[in-house]
Amino acid sequence: MAQKGVQLDQETFSCSICLDLLKDPVTIPCGHSYCMNCINSFWDKEDGKKLYSCPQCRRTFTPRPVLVKNTMLAVLVEELKKTGLQAAPADHCYAGPEDVACDVCTGRKLKALKSCLQCLASYCEKHLEPHYESPTFEKHKLVEPSKKLQENICSRHDEVMKMFRPTDQQCICYICSVDQHKGHDTVSAAAERTARQRKLEWSRQKLQQRIQDREKEVKRLQQEVEAINHSAGKTVEHSEKIFTQLIGLIDKRRSDVKQQIRSQQETEVSRVKELQEKLEQEITELKRKDAELEQLSHTEDHNQFLHNYPSVSALSQSTHSSSINIRPLRYFEYVTAAVSELRDKLQDILRETWTNISQTETEVDVLLSNPRPKTRAEFLKYSQEITLDPNTANKYLLLSDGNRTVTVMKNPLSYSSHTDRFTSHKQVLSRESLTGRCYWEVEWRGREGVKVAVAYKNIKRTGNETWFGYNDKSWSLGCCQQGYTFMHDSVETPVSGPLSSRIGVYLDHRAGVLSFYSVSQNMTRLHRVQTTFTQPLHAGLWLSYYEDTAEFCKPK
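Residues numbered from 1 in each chain as written. Predicted model: local features only at pLDDT ≥ 70, side-chain atom pairs only at ≥ 80, totals over all residues. Heavy atoms only, no water.

Student: Explain the overall build of the chain to me, and be specific about the residues and the numbers.
Tutor: Tallying secondary structure elements over the chain gives nine helices and 23 strands in all. Taken over 556 residues, the chain has a buried fraction of 28%. A separation threshold of at least 6 residues defines the contact pool for the chain, and within that pool the share at least 24 residues apart is 54%. Within the structure as shown, the chain displays about 37,100 Å² of accessible surface, and the carbon and sulfur contribution to it stands at 53%. (Helix = DSSP H or I, 4+ residues; strand = E, 2+ residues; numbered from the N terminus. Buried < 20%, exposed > 50% of the residue type's maximum accessible area, 1.4 Å probe, protein only. Contact = heavy atoms within 4.5 Å. Areas by Shrake-Rupley, 256 points an atom, 1.4 Å probe, with all protein chains shown as cover.)

Below you can see the structure in the form of structure tokens.
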């Protein structure tokens, strides 16, 4: 109790700002005391307000109080320091609701440092000292602080449970082992712990080996990432150089064509201007001649008129009219046509090259334990049974065979209105959302063909932009008797491959891979998409002509 009083006094002589013993203590008008530096620093921050408050009671003062050292408090603090006693434990040393409290402490309990399995009690640092210093406690087992010590006491005999029954996996006390469990197989809890500790260590070794293996794989994948990044960077660099060279060549040809056009322009303009000047000279001469003739026509003297007529009336032969021939502007038309043809050829080359690039197989497969399937048997391991959602079906589509088959009808069906129903196009989505690795097959029949698609669920249901492949929320492979076409975000890509009435679709959602296959005796990949899917996907079908049908095949 004396110690508690000293601790209280020490708290009383502590500054509430720095939480340490008072240094140069001062007392402000409200009666609270602080370190001189602490209260000055606190009030310095309030200078702008011209209003000074007490950090504890919030009483305000104006003007700023003059601080004078409290000599009595200073003497008391110095005396307290001379006692050599430790300051009261900080708040974080006391046990809170979630902590294990010392069972010996009275009043406000300190946190326990250890728990004793023999004493079935927990001790703070001070009350733990006998366990370290007295031989009496030498064999006591100390463990980390625990709130579950009472679980080690037998509820029947109030004894520590030091025995273990393997048959029912229970700890019991010694009295239980010789009383109601007499004749049963029992071992000491310590012996059972030793045996299971060996198993635990063996399990840990296996676990650590797996951790090492996975760490090696992670390191290898990191190296793979670095190699990919390095290779991609080099490829970008080389591509930039090549495109820069290509742009330079185009710019050079553009400059050459422009110069040639300007040269031809200059030549033609010069030739035309030369003819223009000669014609203008001839016009001047003709006008002069016309003036002479007009003057002669007004001559009243008949003899004079007849005398001058021979020299004036004769017209000289035009030397330019026959040579004036304005050429058609065909040269410039030819140049325009040639440049247009070059543009079209270049567009075709770029389109074909981009298709080859986009379809290039990537050899990186992140899922080490599950490489990309290659045979149909391997694909079928990821088979996904697909059923169609009637609430999404267009009113001209009839679902049958457990909602796995869809057929185009001649007349609309009496479906109930639903916000998920497609109204502008004859298409339908699956009930199942698709993530991870999935594979399914579609069998189609009919004259107009089918679109085999995947789409996000939030694709629009009304309007032209709802058509599979004509928006950024769907990907579709169009199949008909003439061939295949892939569509995404209104970009059409011709697809070549063997015609088949059965199409396989492989999705690796996490890797962002979507592939379409022609399925017959062999599987031929028709088109591959590498992207990033941001939502779960749904399988989709679009049909057009009356009695055309498509079916999601059952995995076989």
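Student: Account for the nonpolar core, with residues named and values stated.
Tutor: In terms of nonpolar packing, the biggest core is built from 37 residues, with Trp440, Val452, Trp475, Leu477, Ile503, Leu514 and Leu541 touching the most fellow members. The contact partners of leucine 541, leaving out residues within four places of it in the chain, are Val406, Lys426, Gln427, Val428, Val442, Val450, Lys451, Val452, Phe468, Ala550 and Phe552. Core analysis: the next-biggest nonpolar cluster, separate from the first, contains 18 residues, Phe13, Leu21, Tyr34 and Ile39 among them. (Core = buried A, V, L, I, M, F, W, Y, C linked by side-chain atoms within 4.5 Å.)

Student: Can you tell me about empty space enclosed by the protein, naming the residues and giving the values?
Tutor: On inspection of all chains with the given rule, the structure shows one cavity of 30 Å³ or more. One number sums up the size of the largest cavity: a volume of about 80 Å³. Along the walls of the largest cavity sit twelve residues, with Leu380, Glu441, Cys553, Lys554 and Pro555 positioned nearest its centre. Within the residue set of the lining of the largest cavity, elements represented by two or more residues are helix H9 (376-380) and strand S14 (437-445). Broken down by element, the residue count for the lining of the largest cavity peaks at three residues, all from S14. (1 Å grid on protein atoms, 1.4 Å probe; cavity = no way out; pocket = protein on both sides within 12 Å on 5 of 7 lines; lining within 4 Å. Points joined across faces, edges and corners; volume = space filled by probe spheres on them.)

Student: Any details on the sheet that holds strand S12 (residues 405-408)? Residues and values, ideally.
Tutor: What the seven strands build is an open sheet, ordered S11-S12-S23-S14-S19-S20-S21; its pairing is antiparallel. Each having just a single partner strand, strand S11 (397-400) and strand S21 (523-530) make up the two edges of the open sheet. Averaged over all pairs of adjacent strands, the angle between their axes in this sheet comes to 20 degrees, without regard to strand direction. Of the strand pairs in this sheet, S14 and strand S23 (residues 549-552) are connected by four bridges, and their pairing is antiparallel. Paired with valine 442 across the two strands is phenylalanine 552, which belongs to S23. (Pairing = 2+ DSSP bridges. Axes fitted to C-alpha atoms, helices over the stretch in contact; angles between N-to-C directions.)

Student: Break down the sheet that holds strand S5 (residues 114-116) for me, citing the residues and quoting the values.
Tutor: Spatially, S6-S5-S7 is the arrangement adopted by the three strands of the open sheet, whose pairing is antiparallel. One side of each edge strand has no neighbouring strand; the edge strands of this open sheet are strand S6 (121-123) and strand S7 (142-143). The sheet contact formed by S5 and S6 spans three bridges and is antiparallel. Note on S6: the bridge partner recorded for cysteine 116 is alanine 121.

Student: So what's going on with the confidence of the model for the chain? Which residues, and what values?
Tutor: In regions of low pLDDT, the predicted coordinates are not meant to be interpreted in detail. Residues at a pLDDT of 70 or more form 89% of the chain, whose mean pLDDT is 84. The lowest-confidence element of the chain is helix H1 (residues 2-12), averaging 51 in pLDDT; the highest-confidence one is strand S13 (residues 427-429), averaging 96. Long-range and interchain partners of residues 1-8, a stretch whose pLDDT sits below 50, account for four contacts in this model, where long-range means more than four residues apart. Per-residue pLDDT stays below 50 along residues 361-369; that stretch engages in 18 contacts with residues further than four places along the chain or on separate chains. (pLDDT = per-residue confidence, 0-100.)

Student: Which residues make up the packing of aromatic side chains, and what are the values?
Tutor: Counting across every chain of the model gives 14 aromatic pairs. Arranged with centres 5.5 Å apart and planes meeting at 85 degrees, the rings of tyrosine 456 and tryptophan 475 form a pair that is edge-to-face. Here tyrosine 456 is found in strand S15 (residues 450-456), whereas its partner tryptophan 475 is found in strand S16 (residues 474-480), with 19 residues between them in sequence. Overall, the relative accessible area of 5% leaves tyrosine 456 in the buried class. With a relative accessible area of 4%, tryptophan 475 lands in the buried category. Geometrically, the ring pair formed by tryptophan 467 and tryptophan 542 is tilted, given 5.5 Å between the ring centres and 50 degrees between the ring planes. Pair noted here: tryptophan 467 is in the loop between S15 and S16 and tryptophan 542 is in strand S22 (residues 537-543), with a separation of 75 residues, a long-range link. Over the face of the ring belonging to phenylalanine 422 we find arginine 461, whose NZ or CZ atom lies 4.9 Å from the ring centre. (Phe/Tyr/Trp six-rings, centres within 6.5 Å; stacked < 30°, edge-to-face > 60°. Lys NZ or Arg CZ within 6 Å of the ring centre and 35° of its normal.)

Student: Could you give an account of the pattern of salt bridges, with specific residues and numbers?
Tutor: Pairs can form between side chains of opposite charge whenever their charged atoms are close. Here the structure, examined in full by the defined rule, presents 22 salt bridges. Between glutamate 217 and arginine 214 there is a salt bridge whose closest N-O contact spans 3.2 Å. Residue glutamate 217 and its partner arginine 214 are located together in helix H6 (residues 189-297), separated by three residues, close to a single helical turn. Accessibility expressed as a relative area gives 28% for glutamate 217, which makes it partly exposed. When the shortest N-O distance is used, the salt bridge between aspartate 256 and arginine 253 registers 3.4 Å. A residue pair is termed a helical-turn pair when its members lie 3 or 4 positions apart in one helix, as aspartate 256 and arginine 253 do in helix H6 at three residues. For arginine 253, a relative accessible area of 52% corresponds to the exposed category. (Salt bridge = Lys/Arg side-chain N within 4 Å of Asp/Glu carboxyl O.)

Student: Tell me about unusual backbone geometry, and name the residues and values.
Tutor: Each neighbour pair has its own omega, and for threonine 62 with proline 63 the value is 0 degrees, a cis peptide bond. As for its position among the elements, proline 63 is in the loop between strand S4 (60-61) and helix H3 (71-82). Its identity is not glycine, yet leucine 120 carries a phi of approximately 55 degrees, on the positive side. Positionally, leucine 120 belongs in the loop between S5 and S6. With a relative accessible area of 15%, leucine 120 lands in the buried category. Non-glycine residue aspartate 401 carries a positive phi angle of around 55 degrees. One can find aspartate 401 in the loop between S11 and S12. When its relative accessible area of 41% is taken as the criterion, aspartate 401 is described as partly exposed.

Student: Just give me the short version of the pairing of strand S19 (residues 502-508), but keep the residues and values in it.
Tutor: S19 sits mainly inside the fold: seven of its seven residues count as buried. Side chains of S19 alternate between two faces, with Arg502, Gly504, Tyr506 and Asp508 and Ile503, Val505 and Leu507 buried alike. Sheet topology note: the S14/S19 ladder contains seven bridges and is antiparallel. Paired with cysteine 438 across the strands is leucine 507, a residue of S19. As paired strands, S19 and strand S20 (residues 513-519) are joined by six bridges and run antiparallel to one another. The residue bridging glycine 504 from the neighbouring strand is tyrosine 517, located in S20. A loop of four residues connects S19 with S20, the two strands running antiparallel in sequence, and glycine 512 in this loop sits at a positive phi of about 75 degrees.

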